[in-house]
Amino acid sequence: MQKGGEPVHNQVLRDEEYLARLKATIETRYGITPIEITPAKRGYYGETWKVKGTAGCYFLKMDYLPYHQKKFQNSLAVIDYLCENGIDFVGQIVKTTDGKLYAPFETEVMGLFDWAEGENVETDATKVPEYQMLSKIYALTNPGFDIPVATFSDDAAVQFFQQWETPKGLPQTPANRAMLSVFERFKDDLFHCASRLSQFAQRCRESEGPLYLTNGDAGGNFFIANGRNYIFDWDEVMYAPLERDAWVMGCYDWARNLFNNTLRGNGIAYKPRPERLAFYCYHMYFFYLGELMMVHPISDKSERAKDYFEDGWIKSWIAFADSIDPSL
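Residues numbered from 1 in each chain as written. Predicted model: local features only at pLDDT ≥ 70, side-chain atom pairs only at ≥ 80, totals over all residues. Heavy atoms only, no water.

Caption draft 1: Structural detail: the environment of phenylalanine 287. Structurally, the position occupied by phenylalanine 287 is in helix H9 (residues 274-295). Here phenylalanine 287 falls in the partly exposed class, since its relative accessible area comes to 23%. With 130 residues separating them along the chain, phenylalanine 287 and alanine 157 place their C-alpha atoms 7.7 Å apart. (Helix = DSSP H or I, 4+ residues; strand = E, 2+ residues; numbered from the N terminus. Buried < 20%, exposed > 50% of the residue type's maximum accessible area, 1.4 Å probe, protein only.)

The following block contains the structure:
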């Protein structure tokens with residue numbers, strides 16, 4: 001499940017002239033002759049396509065969001081490193097004819113992968129292979145990648161409240177008024193979570209530990225394709241404590257135990273701490289709100305925000321985080 005609402009897939013309309021230019025660029029940059037390009041229902045940022053070529057099928061990811069393009073580009077180096085070290089479940093990058101991991105296209109950045117026919121599946125049962133796969137990646141953590149480094153701060157909440165202020169300065173359109181109305185309705189929840197986030201950020205800074213390569217939403221990117229398990233979409237790869245991957249199921253005792261036991265079984269001497277799990281519950285609460293506001297069209301925002309606040313999985317996170325004492 002994509003947190004914060006249904007995924008955005010190719011919402012920018014593309015005409016035949018655009019697709020013709022895209023096909024020509026793929027042929028020039030990758031030496032692949034596209035026969036057909038159709039939308040692929042994968043990914044959250046930008047747009048995604050299935051490319052049928054003369055020698056096979058490929059997954060094309062296009063990132064047209066300026067604030068996100070560098071993350072996307074740098075994440076490809078991590079995927080390439082993992083593949084070179086025997087990880088075969090993160091997506092195989094197809095390099096350009098001159099050996100590059102990505103290519104420019106007009107105002108966008110494109111990355112091409114081998115196509116894996118399958119679907120995004122996340123259940124309680126998939127946590128077993130997911131945690132096993134993540135443990136293999138943690139063991140390969142290597143410094144030096146130009147990717148974000150996690151910090152314990154309340155920046156996610158601060159940035160959200162700054163975004164909240166923005167609609168108040170815009171024309172009072174029905175969409176803007178509806179968006180403000182949703183935030184006003186849930187403002188007590190928002191202020192409560194912001195206060196708790198600040199407390200846990202301070203608490204976690206007092207006991208920072210080692211950082212690993214983390215996905216941030218491995219369950220939401222867990223695919224079963226061609227009878228095999230994959231974790232795709234590493235755009236948000238980050239050096240972070242392992243709670244960044246464990247928090248989403250951290251409100252369940254069985255999932256915490258499974259995560260801990262899987263780490264131990266793979267020789268990783270790390271045990272997630274309750275205060276860090278709580279921190280990530282509150283942090284991601286605001287992170288997803290911020291992403292929802294930046295990525296989705298304005299006409300959709302009020303309804304999506306309402307669904308976000310009322311969804312049961314959010315309530316489970318916050319109830320768990322609220323049960324943890326930040327002073328302990």
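Caption draft 2: Spotlight on the side chain of arginine 196. If you trace the backbone, arginine 196 turns up in helix H6 (residues 187-205). Reaching out from arginine 196, the side chain makes a polar contact with the side chain of tyrosine 282 at a distance of 2.9 Å. (Polar contact = N/O pair within 3.5 Å; in protein donor to acceptor, adjacent residues only side chain to side chain.)

Caption draft 3: How the structure looks around the pattern of salt bridges. Within the structure shown, the criterion is met by 21 salt bridges. Where glutamate 130 meets lysine 127, a salt bridge forms, and the shortest distance between an N and an O atom there is 2.8 Å. Taken together, the residues glutamate 130 and lysine 127, both in helix H3 (residues 127-138) and three residues apart, mark about one turn of the helix. Since its relative accessible area comes to 1%, glutamate 130 is described here as buried. Look at lysine 127 and you get buried, because its relative accessible area is 1%. Bridged by salt links that share partners, the residues Arg14, Glu47 and Glu108 form one connected network. (Salt bridge = Lys/Arg side-chain N within 4 Å of Asp/Glu carboxyl O.)

Caption draft 4: Up close: the side chain of serine 135. Considering the arrangement of structural elements, one finds serine 135 in helix H3. Not counting chain neighbours up to four residues away, the residues in contact with serine 135 comprise Thr262, Leu263, Asn266 and Ile268. (Contact = heavy atoms within 4.5 Å.)

Caption draft 5: Expanded view of the pairing of strand S3 (residues 56-63). Within S3, six of the eight residues are buried, which leaves it mostly tucked inside the rest of the structure. Inspection of the sheet shows strand S2 (residues 47-53) paired to S3 by seven bridges, in the antiparallel sense. Across the sheet, the residue bridging to lysine 52 is cysteine 57, located in S3. Connecting S2 to the next strand, S3, in antiparallel fashion are two residues. (Pairing = 2+ DSSP bridges.)

Caption draft 6: Focus on the packing of H6 against helix H11 (residues 312-322). Close contact between H6 and H11 brings their axes to 12 Å; oriented N to C, the two are set at 50°. On the basis of their axis angle, the class for H6 and H11 is oblique. Crossing of H6 against H11: the hand is left-handed. Listed contacts from H11 to His192, Cys193, Arg196 and Phe200 of H6 are Ile318, Ala321 and Asp322. Class assignment of the residues belonging to the contact of H6 with H11 gives a composition of four nonpolar, one polar and two charged. (Axes fitted to C-alpha atoms, helices over the stretch in contact; angles between N-to-C directions. Parallel < 35°, antiparallel > 145°, perpendicular 65-115°, else oblique. Left-handed = near helix turned anticlockwise from the far one by under 90°. Nonpolar A, V, L, I, M, F, W, Y, C, P; charged D, E, K, R; others polar.)

Caption draft 7: Quick look at H6. Its 19 residues place the ends of H6 27 Å apart at the C-alpha level, agreeing with the 27 Å of an ideal helix rising 1.5 Å per residue. All of the buried residues along H6 are Leu190, Cys193, Ala194, Arg196, Leu197, Phe200, Ala201, Arg203 and Cys204. (Expected span 1.5 Å × (residues − 1).)

Caption draft 8: Looking closely at the packing of aromatic side chains. Tallied over the entire structure, the rule returns 33 aromatic pairs. If you follow arginine 14 out to its NZ or CZ, it ends over the ring of tyrosine 18, 4.2 Å from the centre. (Phe/Tyr/Trp six-rings, centres within 6.5 Å; stacked < 30°, edge-to-face > 60°. Lys NZ or Arg CZ within 6 Å of the ring centre and 35° of its normal.)

Caption draft 9: Local environment of helix H1 (residues 16-30). Along its 15 residues, H1 runs 21 Å from first to last C-alpha, staying within 8% of the 21 Å computed at 1.5 Å per residue. Residues of H1 that are buried include every one of Tyr18, Leu19, Leu22, Thr25, Ile26 and Tyr30, and no others. Considered in projection along H1, the buried side chains sweep an arc of 120° and stay on one side of the axis. Those residues of H1 that are exposed and aimed more than 90 degrees away from the buried face are Glu16, Glu17 and Thr28. Buried residues along H1 sit against strand S1 (34-39), S2, S3, strand S4 (93-94), strand S5 (103-105) and strand S6 (108-114). Its side-chain oxygen at 3.2 Å from the backbone nitrogen of glutamate 17, aspartate 15 defines the N-terminal cap of H1. (Arc of directions from axis to C-beta.)

Caption draft 10: Quick peek at empty space enclosed by the protein. Under the criterion given, the structure shown has one cavity of 30 Å³ or more. For the largest cavity, the calculated volume is near 60 Å³. If you go around the largest cavity, you meet 11 residues; those closest to its centre are Gly216, Asp217, Ala218, Asp245 and Val248. Grouping the amino acids of the lining of the largest cavity by side-chain chemistry returns four nonpolar, two polar and five charged. (1 Å grid on protein atoms, 1.4 Å probe; cavity = no way out; pocket = protein on both sides within 12 Å on 5 of 7 lines; lining within 4 Å. Points joined across faces, edges and corners; volume = space filled by probe spheres on them.)

Caption draft 11: Up close: the packing of H3 against helix H8 (residues 253-265). In contact at an axis separation of 9 Å, H3 and H8 are set at 40° when each is read in the N-to-C sense. Classed by the angle they form, the pair H3 and H8 counts as oblique. In terms of crossing hand, the pair formed by H3 and H8 is right-handed. On the side of H3, the interface is formed by Lys127, Val128, Tyr131, Gln132, Ser135 and Tyr138, while H8 contributes Trp254, Ala255, Leu258, Phe259, Thr262 and Leu263. Here the contact of H3 with H8 is built from residues that sort into eight nonpolar, three polar and one charged.

Caption draft 12: Structural detail: the sheet that holds strand S9 (residues 222-225). Within the open sheet, the three strands sit side by side as S7-S9-S10. Their pairing is antiparallel. Looking at the sheet topology across the chains shown, the edges are occupied by strand S7 (118-120) and strand S10 (228-231). Each neighbouring strand pair of the sheet contributes to a mean axis angle of 25°, computed without reference to strand direction. Taken together, the three bridges between S7 and S9 define a ladder with antiparallel strand orientation.

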